[in-house]
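Close look at the chain arrangement
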Amino acid sequence: NVGNKALGKDIQASGNFAGNISVNGIFAGLGHTIQDISITNKSDNTGVFSLINSNSELRDLGLINLNISSKGNIGGFTGINNGIIRNSYIEGGKIEGTNNYIGGAVGTNNGYISNVYINLEVTPKNNTTAYVGGVAGVNNSSIKNSYSTGIVKGNRSIGWLVKKQEKWEILNSYSTSVVTLKG
């Protein structure tokens, strides 16, 4: 688990990152970036952070050239967001998974997302029928002032911004992603 931490400088990553760390507090990027993160595993709940817990926050972080290949509940920032993600972006890369929910920022959003920008490719592997969205695979809460560009691919369950909207709201958000039906 990561408690209250701040990123003091830009980071150039190398090698394969596990993607199984949860945020339990505030992770402040302070406007810095992490570049060239690669995550390959066969786990659920995968992202740079596997889980952002309730009463926790990820903010002011940029991810550049992010590549993730995993199972289900996959997102660039986190597999599951139960807290807050704000003022952050992902620029370049690819996220692909085999099932459940796949999103550019989060696989499943149960928290609050605000002022987030996503520009990468989001796609299921092979012929899986995952819910795929530019920002979130499924949204159970709130997305505000956010947008996605890039490419969103899927076999049948595709959404430009969010594929599955369960409850709550999406406000002042949009997508200009290219959406492609695979298969």
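A brief report on the enclosed structure follows. (Residues numbered from 1 in each chain as written. Predicted model: local features only at pLDDT ≥ 70, side-chain atom pairs only at ≥ 80, totals over all residues. Heavy atoms only, no water.)

**Here's the deal with the packing of aromatic side chains**
With the rule as written, the count across this model stands at 4 aromatic pairs. For the pair Y147 and Y174, a centre-to-centre distance of 4.9 Å together with 0° between the ring planes defines the contact as stacked. With Y147 in strand β17 (residues 147-154) and Y174 in strand β21 (residues 174-175), the pair connects residues that are 27 residues apart, well separated along the chain. Y147 sits in the partly exposed class, given a relative accessible area of 27%. Among the aromatic residues, ring-to-ring pairing joins Y117, Y147 and Y174 into one connected group. (Phe/Tyr/Trp six-rings, centres within 6.5 Å; stacked < 30°, edge-to-face > 60°. Helix = DSSP H or I, 4+ residues; strand = E, 2+ residues; numbered from the N terminus. Buried < 20%, exposed > 50% of the residue type's maximum accessible area, 1.4 Å probe, protein only.)

**What to know about the pairing of strand β13 (residues 112-124)**
For β13, the buried fraction is high: 10 of the 13 residues fall into the buried class. Pairing of strand β11 (residues 84-103) with β13, which is carried by 11 bridges, proceeds in the parallel orientation. Residue pairing in the sheet places Y89 in a bridge with Y117 of β13. Taken together, the 3 bridges between β13 and strand β16 (residues 142-144) define a ladder with parallel strand orientation. Each residue of the ladder has a partner; that of S114, found in β16, is K144. Taken together, the 6 bridges between β13 and β17 define a ladder with parallel strand orientation. In the strand pairing of β17, E121 is matched with I151. (Pairing = 2+ DSSP bridges.)

**Points about the pattern of salt bridges**
Tallied over the entire structure, the rule returns 7 salt bridges. Ionic pairing is found between K94 and E121, a salt bridge with its closest N-O pair at 4.0 Å. On the criterion of sequence distance, the pair formed by K94 in strand β11 and E121 in strand β13 is long-range, its members being 27 residues apart. Among the salt bridges present, the one from K153 reaches E121, with a minimum N-O distance of 3.4 Å. Taken together, the residues K153 in strand β17 and E121 in strand β13 connect sequence positions 32 residues apart. (Salt bridge = Lys/Arg side-chain N within 4 Å of Asp/Glu carboxyl O.)

**Looking at unusual backbone geometry**
Of note in this structure, L30 is not a glycine but carries a positive phi near 55°. Relative to the helices and strands, L30 resides in the loop between β4 (26-28) and β5 (33-35). Relative accessible area serves as the criterion here: at 54%, L30 is assigned to the exposed category.

**Let's talk about the environment of G72**
Following the sequence through the fold, G72 ends up in strand β9 (residues 62-75). It is 4.9 Å that separates the C-alpha atoms of G72 and N100, two residues lying 28 residues apart in sequence. Other than its neighbours up to four places away in sequence, G72 contacts S43, D44, N45, T46, N99, N100 and Y101. (Contact = heavy atoms within 4.5 Å.)

**Description of the side chain of S177**
Positionally, S177 belongs in the loop between β21 and β22 (178-181). Overall, S177 belongs to the buried group, its relative accessible area being 5%. Within the structure, S177 has its side chain in polar contact with the backbone oxygen of T149 (distance 3.2 Å). Each residue touching S177, except ones within four places of it in the same chain, is listed here: S148, T149, G150, V152 and W160. (Polar contact = N/O pair within 3.5 Å; in protein donor to acceptor, adjacent residues only side chain to side chain.)

**Overview of the environment of S70**
Counting through the fold element by element, S70 comes out in strand β9. Classification of S70 by relative accessible area gives buried; the value is 2%. A sequence separation of 31 residues divides S70 from I39, and the C-alpha atoms of the two residues are 7.7 Å apart. Not counting chain neighbours up to four residues away, the residues in contact with S70 comprise N41, K42, S43, T46, E96, G97, T98 and K125. At a separation of 2.7 Å, a polar atom in the side chain of S70 contacts the main-chain carbonyl oxygen of S43.

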